Amino acid sequence: MTDTLIPNGCKTNGPVESGYFKKGCNPFAQTGRSKLQNKRVLLNQQIIKQMRMRAGAENLLKATSNNKVREQVVLELSYVNSDLQLLMEQLEGLNSSVEVYQNVQETSSIPLIPLGLKETKDVDFSVALKDFILEHYSEDGSNFQDEIDDLMDLRQACRTPSRNPSGVDLLANYFSQLSFLETRFFSPTRQIGIFFTWYDSFTGVPVCQQNISLEKASMLFNMAALYSQIGTRADRQTQAGLEDAIAAFQKSAGVLHYLKETFTHTPSYDMSPAMLSMLIRLMLAQAQECLFEQITLPGIRNEFFSLLRIAQEAAKVGETYGEVHQSMIQTPIKNNVPFFWTTMSELKTNHYNSLAHYFVSTALLDHQLTPSDDEDKQEKALSQIYDAMPEGRSPLDILKDKEERRRIGKAHLQRSIMGHEEAIRIHSRCRDLQKLYILSDILQAGLRRSLTKFEQNDKEEEFTDYMLAPDIISKTEKKAEMEIPAATKVKVKDLFQRLGPLSVFSAKQRWSAPRTIRLRLQDRDLGFTLKGDAPVQIQSLDPLCPAAAEGLKEGDCLVAVGDTECKWLGVSDVMKLLKDVDEEGVTIRVVSMLDSSSQPMPTKSATYGGLLKTYSMICLAHDEDDKKSRKVAKKPSFLSWGLKNKQKSGSTLSLPNADYNGPWNRPCPTYPNSYNESALY
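This report concerns the structure included in the present document.

Criteria and cut-off values
Residues numbered from 1 in each chain as written. Predicted model: local features only at pLDDT ≥ 70, side-chain atom pairs only at ≥ 80, totals over all residues. Heavy atoms only, no water. Helix = DSSP H or I, 4+ residues; strand = E, 2+ residues; numbered from the N terminus. Buried < 20%, exposed > 50% of the residue type's maximum accessible area, 1.4 Å probe, protein only. Contact = heavy atoms within 4.5 Å. Axes fitted to C-alpha atoms, helices over the stretch in contact; angles between N-to-C directions. Parallel < 35°, antiparallel > 145°, perpendicular 65-115°, else oblique. Left-handed = near helix turned anticlockwise from the far one by under 90°. Salt bridge = Lys/Arg side-chain N within 4 Å of Asp/Glu carboxyl O. Phe/Tyr/Trp six-rings, centres within 6.5 Å; stacked < 30°, edge-to-face > 60°. Lys NZ or Arg CZ within 6 Å of the ring centre and 35° of its normal. Pairing = 2+ DSSP bridges. Core = buried A, V, L, I, M, F, W, Y, C linked by side-chain atoms within 4.5 Å. Domains from an automatic or database assignment.

Helix and strand counts for the chain stand at 19 helices and 13 strands. Counting across all 681 residues of the chain, residues that qualify as buried make up 50%. Here the analysis covers contacts within the chain between residues at least 6 apart in sequence; of these, 78% occur between residues at least 24 apart.

As C-alpha cells, this is what we get:
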C-alpha cells in the first residue's frame, strides 16, 4: 500500500532498496534535475509568502487614512515588490538552466529547451473522503483507509517522477484515477473541502481551488513537461536516440494540445490557451530540429541535389523557430516567458537559415553543369528553391553561366555570414546563453566555415557586388506532427470500486442508507423477481409477501445477501446466493434512490433471445438442466397476483438519476486576488 513514502526516521544515506518506491518514482535521486526542482519548490514558497505580505499591505493601504501609516506601508510595499521581482528573476533563471537536462554525453549538438514540472502542495484526502463516504454512501469511511492511503501515496509519487517512460506511466496512472475520483466524490452541487494548490511553472504564482479539474490539468502539463525532458535527455548522436527525442517532443506537443482542447479557462497562466499554443509550437520546432539532425547524422554528401534538399530542410527548421519566436514576443506571453527562451528561438532561427544559405551556395559554387548531367532535373530542382529567380534569370541560364552561379553563390554566402554573426550577437546578449559553451562553439564553427568558403571564391580584382540572395523555400520530407500518446487514456483499476459500479454509485446520485430485509419463502417463492446487472433491482414485487411487509420496494437495488456484497454481481450470481434459502430465510440489504428524475439509471439487463429475462425464486424449484428446456411459470399461490405479475412484466423499472441539492453546500473560502482566481473552470 504505502510504497512511496519513507517511514519517519528512515535514513536516506545509501542506496534505496529496489522496489520500495512506486515504479517510476524515486524522491531520493539527487540528480541535477531534482536539485533544480527542489530550488523551484523553495522559490515558490518564498513567492507565495511575499505575495501574501503584498496583499496585506495593499489592504492596509486601502483601509487606513493615517498619513504616517500610509507612508510606512508604501515603503514596506516597495521592499516587498522588490523582493518579489528578485524571486521572479531567480525562477526565470531556473527555467533557463537547460544544461542539467541535456544528455551527459552530448558534445556537438545544440541544446534543447525542456519544460519544468509544476509544483504543488500536499493534499490530505483522508478526512474529506471518509466524511463523504459516510454521508453519501452510508458506509464506514474507515473501511476505505487503505484505498485513501494508496491514492495519497500515488499523488506523492507523482511529485518526483523518473525521467523515463515509467515516470510518464506513473503520471498517467494518477490522471486516470482522478477521473474515477471525480465521478465518485466531486458533485457539481457541493464542495467536499479538498483544496488543490499548484504553482505556475513560469511565475511561481500559486492557484488554489477545490475544483479537481485544476489537478487533472496540472497533471497533464507535468506529463508534457516530462516528455520534453525525456526528449532533451536523449542521445542525439545516434539514430535510436534521435528517434526517441522526436517521439518524445511530438508526444509532448500532443499532450499540450489535449490539455488546451479539454481544459478551457484554466486559472494558471502557464496553462492558458496562448501559452499552450506557444509551447506546442516550441515542442514541434524541437522535434523538427531533431528530424533535421536525423537526416544529417550519416553525413551530407557534397552533391548538387543532396545539398539543395538539406538546404530546404534547414530552412524548414529556421521557419518553425521563427514562428515560435513570433509567438513568444506577443504581449500576453513575452512578460512571462524566460528571456533565455526568446533569445534561443531567435538564435536558432538565424542559425538554421544561415545553414540553408550555406548549402545552396555550396551547391552552386562546387558543382558546375556538365554534358553528362541531367539539365532538366537540375533546372527543376533549382526552380523549387526560390519563389522568384534572382534578377529574373531562368534556372537553366544560371546553371549554364559559371560566373552567374558564382555571383549568386557568393550572395548566399554573404547572407550565411550575416546570419551567423547575428546569431553570435544574440548569444552574447543573454547571460544564460553565454554559459552554453557548446552552442558558442557551434556558432563560431558555422561562421568560420562560411567565411572560408567566401574567401575561396573571392577575387581581388572583382568588383564588389551587393546582390541580395533571395529567401529559400522551406521544405521537408517529414514534418513534425502532434502525437497524443496512449498514456493519456491508460486503463487503471478504480481504487474505490468496492463502493459499487461507477455508473450507479456516483456523487451525482443520492441513495438511501442500506435497509436490512429478512427474506422468507412462501410457497417456494420469495414474492419478487430480479432484473438488471451490477447491481440487480427488485421487480414485480408482491405487495402481500413478507419482504414487502418489512419495507422492500420495487426498484430497490440489492447490495448484499447475508455477508456477501452483491454490488458487482449480476442476476445469475445473485440467484445462486438465494438458491440455498431455507425455511428460516436470509437477510439482504437494499438501497433506494432518494430523488426521482426522468433520467433512468443505466442498467444492463440480462437478455435471452432478445427479450428481457427476469428471475424469481420459482426458478429454483427446477434442476439446472431443465431450466433451458422448460418455460418457468409462477404457481397460483398468490390468488389474483398472477394477473398483476403478467401486467407488470411488460415494463421494467429502472432507478432514476438525480442531482441532489443537499443543505451542506458550503461557500468556497476566498483568497487574495493576487494569487487566486476561483470558479474559472
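Moving on: the packing of helix α8 (residues 273–296) against helix α9 (residues 304–328). The contact between α8 and α9 brings their axes to 9 Å, and the two run at 165°. Classified by the angle their axes make, α8 and α9 are roughly antiparallel. In the crossing of α8 with α9, the sense of the turn from one axis to the other is left-handed. From α8, M278, R281, L282, A285, Q286, Q288, E289, F292, I295 and T296 reach across to α9, where they touch R309, I310, E313, A314, K316, V317, T320, Y321, E323, V324, S327 and M328.

As enumerated under the stated definition, the model contains 23 salt bridges in all. Here R406 ties to E403 by a salt bridge, and the two come within 3.1 Å at their closest N and O atoms. Pair noted here: R406 and E403 are both in helix α14 (residues 402–429), with a separation of 3 residues, about one helical turn. Relative accessible area serves as the criterion here: at 11%, R406 is assigned to the buried category. Between E422 and R425 there is a salt bridge whose closest N-O contact spans 2.5 Å. Of the two residues, E422 and R425 both sit in helix α14, 3 residues apart, roughly one turn of that helix.

Moving on, we come to the side chain of T343. Tracing the backbone shows T343 in helix α11 (residues 339–366). With residues near it in sequence (within four places) discarded, T343 still touches I426, R429, C430 and L433.

The description of an aromatic ring pair uses the distance of the two centres, along with the angle that the planes make with each other. Scanning all chains against the criterion turns up 12 aromatic pairs. Ring geometry for F132 versus F185: centroids 5.7 Å apart, planes at 70°, classification edge-to-face. Of this pair, F132 sits in helix α3 (residues 126–137) while F185 sits in helix α5 (residues 165–185), placing them 53 residues apart in sequence. The residues F132 and F185 share a single accessibility class, namely buried. Members of the aromatic cluster, each reached through a chain of ring pairs, are F132, Y137, F144, F185 and F496. Here K377 stacks its cationic end above the ring of F305, 4.8 Å away from the centre of that ring.

It is worth spelling out the pairing of strand β8 (residues 586–591) at this point. Note: strand β3 (residues 515–519) against β8, 5 bridges, orientation antiparallel. By the bridge assignment, R515 is partnered in β8 with V590. Of the strand pairs in this sheet, strand β6 (residues 557–561) and β8 are connected by 4 bridges, and their pairing is antiparallel. Bridge assignment links A560 to a residue of β8, and that residue is R589.

All right, on to the side chain of S506 then. Take S506: it is sitting in the loop between α16 (437–456) and β3. In this structure S506 touches H136, Y137, T183 and R184, once residues within four positions along its chain are discounted.

Quick look at the pairing of β6 now. Burial analysis of β6 places 5 of its 5 residues in the buried class, the great majority of the element. Pairing analysis gives 2 bridges linking β6 to strand β7 (residues 564–565), with the strands arranged antiparallel. Residue V561 lies in a different strand from β7, and its bridge partner there is T564. Linking two consecutive strands that pair antiparallel, namely β6 and β7, is a turn of 2 residues; a positive phi of about 65° is found at G562 within it.

This paragraph deals with the nonpolar core. Ranked by internal contacts, the top residues of the largest apolar core, which has 136 residues, are F125, L129, L181, F185, L279 and W341. The residue makeup of this core includes at least three contributed by each of domain 2 (338–484) and domain 3 (511–592). Formed by 22 residues, the second largest nonpolar core is a distinct cluster that contains L541, L552, L558 and V586.

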